[in-house]
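The chain contents come next:
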Amino acid sequence: MPIGVFDSGIGGLTVLGALLARLPEEDFVYLGDNAHAPYGSKPPEEVFALTCAGVRRLFDEGCRLVILACNTASAVSLREIQQRWLDPTDHRVLGVFVPVIEHLTQRDWGDQSPPTHTGLSTVALFATPATVASGAFPRELHFRARDVRVEAQACTGLVDAIERGDWPRAEALVAAHVTALRERLPVPQAAVLGCTHYPLVEAAFRRALPDATALVSQPQVVAESLADYLRRHRRFAGGSGRVRYLTTGDPATVGVCAARFLGAAAAFESPLSRAS
Ligand code: DGL
């Protein structure tokens with residue numbers, strides 16, 4: 001049974017790449033909602049509706065477990081999807097923030113005890129405007145860890161520069177956004193790159209941040225967390241290493257852009273089910 005990986009577009013391929021490396025024996029169906037990307041500047045109601053439509057398409061493709069690789073979709077929609085929209089006896093939907101929070105706090109998500117002192121004191125979050133506006137990351141973190149200061153920086157323009165492959169512009173934007181954040185929090189203990197696209201400019205973030213700041217690599221952390229989840233939920237595991245790439249956009253155009261994120265060309269198809 002394939003595992004669905006949903007993203008607003010092609011950025012989620014950074015997460016898929018880590019999943020393929022960590023779990024080569026699983027089958028995956030990737031769906032990029034390129035027809036409606038980017039999500040990062042959309043209002044929450046729209047992100048929620050688009051995310052639900054994307055998850056439904058992946059269910060229709062036979063996936064019973066779906067990973068929201070898109071931080072914006074996770075931040076805006078996951079809680080609502082899990083608590084009100086989904087029938088968890090049939091299907092499961094997981095996001096990308098929970099693994100990061102488990103990693104930062106060293107606390108298991110199933111541990112529902114009150115927030116504790118985890119040794120974590122300051123965190124910088126770099127993300128899209130919609131992710132920052134949702135407040136989801138500090139809210140979920142504060143359920144687990146006490147006395148942590150989170151400073152979030154909405155990195156306006158960065159997704160666009162990365163998608164265009166405009167690396168000088170992307171590097172300049174990273175430097176400007178890190179400088180803006182450091183005016184409020186000069187030396188964060190940890191920094192989270194909370195957007196699918198930012199691993200492509202991770203080196204620029206590393207250069208702009210102080211050496212003492214630990215950078216969290218979201219794709220690797222998510223892949224490790226999924227491997228652990230599959231060990232505990234065997235009914236979602238098992239495949240033969242097959243991967244399919246779906247897009248709501250033009251498959252040929254998306255396939256060309258995707259090579260930058262995946263490191264190799266991928267043959268995208270249109271999903272068969274449901275009109276958008
Ligand atoms: N996938 C989105 C995220 O991780 C970035 C691209 C977009 O804005 O749609 O937040």
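Conventions and cut-offs
Residues numbered from 1 in each chain as written. Predicted model: local features only at pLDDT ≥ 70, side-chain atom pairs only at ≥ 80, totals over all residues. Heavy atoms only, no water. Pairing = 2+ DSSP bridges. Helix = DSSP H or I, 4+ residues; strand = E, 2+ residues; numbered from the N terminus. Axes fitted to C-alpha atoms, helices over the stretch in contact; angles between N-to-C directions. Phe/Tyr/Trp six-rings, centres within 6.5 Å; stacked < 30°, edge-to-face > 60°. Core = buried A, V, L, I, M, F, W, Y, C linked by side-chain atoms within 4.5 Å. Buried < 20%, exposed > 50% of the residue type's maximum accessible area, 1.4 Å probe, protein only. Contact = heavy atoms within 4.5 Å. Salt bridge = Lys/Arg side-chain N within 4 Å of Asp/Glu carboxyl O. Expected span 1.5 Å × (residues − 1). Arc of directions from axis to C-beta. Polar contact = N/O pair within 3.5 Å; in protein donor to acceptor, adjacent residues only side chain to side chain. Near = heavy atom within 4 Å. Areas by Shrake-Rupley, 256 points an atom, 1.4 Å probe, with all protein chains shown as cover. Nonpolar A, V, L, I, M, F, W, Y, C, P; charged D, E, K, R; others polar. Parallel < 35°, antiparallel > 145°, perpendicular 65-115°, else oblique.

1. Brief notes about the sheet that holds strand 8 (residues 214–216)
In step 1: Pairing is parallel across the open sheet formed by 4 strands, whose spatial order is 6-5-7-8. In the strand order of this sheet, the two ends are held by strand 6 (149–154) and strand 8, each with one partner. Strand after strand, the sheet turns through a mean of 20° between neighbouring axes, direction not considered.
In step 2: For strand 7 (residues 190–194) and strand 8, the ladder comprises 3 bridges, and the chain directions are parallel.

2. Side note on the packing of aromatic side chains
In step 1: Counting across every chain of the model gives 8 aromatic pairs.
In step 2: When the centroid spacing of 6.4 Å and the interplanar angle of 85° are considered together, the rings of Y30 and F268 count as edge-to-face. Pair noted here: Y30 is in strand 2 (residues 28–32) and F268 is in strand 10 (residues 268–269), with a separation of 238 residues, a long-range link.
In step 3: Pairing F126 with F205 gives two aromatic rings, centres 5.1 Å apart and planes at 55°, and the pair type is tilted. Here F126, found in strand 5 (residues 122–127), pairs with F205, found in helix 9 (residues 202–208); they are 79 residues apart in sequence, far enough to count as distant.

3. Quick look at the nonpolar core
In step 1: In this structure, L13, F126, L158, Y198, F205 and L226 are the most contacted members of the largest nonpolar core, which totals 51 residues.
In step 2: Looking at this core element by element, the count peaks at 6 residues for helix 10 (residues 218–232).
In step 3: F205 has contacts with F126, L158, V174, V178, L193, Y198 and L215, leaving out every residue within four places of it along the chain.
In step 4: Listed in part, the 20 residues of the second largest apolar core include Y39, C63, C70 and L246.

4. Notes on the pattern of salt bridges
In step 1: Scanning the model with the defined rule gives 14 salt bridges in all.
In step 2: Between D111 and R107 there is a salt bridge, with its nearest N and O atoms 3.2 Å apart.
In step 3: With a shortest N-O distance of 3.1 Å, E140 and R139 are connected by a salt bridge.
In step 4: For E140, a relative accessible area of 11% translates into the label buried.
In step 5: One connected set of salt bridges, linked through shared partners, spans E61, R244 and E269.

5. Some words on helix 8 (residues 167–184)
In step 1: Helix length check: helix 8, at 18 residues, gives a terminal C-alpha distance of 26 Å against a target of 26 Å (1.5 Å per residue), a fit within 8%.
In step 2: Three or more residues of helix 8 are buried, namely A170, L173, V174, H177, V178 and L181. Axial view of helix 8: buried residues confined to an arc of 130°, hence all on one face. Opposite the buried face of helix 8, at more than 90 degrees from it, the exposed residues are P168 and E183.
In step 3: Elements that come into contact with the buried residues of helix 8 comprise strand 5, strand 6, helix 7 (158–163) and helix 9.
In step 4: Its side-chain oxygen at 3.2 Å from the backbone nitrogen of R169, D166 defines the N-terminal cap of helix 8.

6. Considerations on the site of the ligand
In step 1: As a matter of local geometry, the ligand sits amid 13 residues, with S8, Y39, G40, T72 and T196 nearest to it.
In step 2: A distance of 2.6 Å separates an oxygen atom of the ligand from a polar atom in the side chain of T72.
In step 3: Here the ligand loses 98% of its free accessible area of 290 Å² to cover by the protein chains.
In step 4: Residues belonging to the shell around the ligand are distributed by class as follows: 5 nonpolar, 7 polar and 1 charged.

7. A short note on the packing of helix 4 (residues 97–105) against helix 10
In step 1: Where helix 4 meets helix 10, the axes come as close as 9 Å, and the angle between the chain directions of the two elements is 95°. When the interaxial angle is binned, helix 4 and helix 10 end up roughly perpendicular. Contact residues: F97, P99, V100, E102 and H103 in helix 4; Q218, V221, V222 and S225 in helix 10.
In step 2: Taken together, the residues that form the contact of helix 4 with helix 10 break down as 5 nonpolar, 3 polar and 1 charged.

Everything listed here is a matter of coordinates, which is why it stays silent on function.
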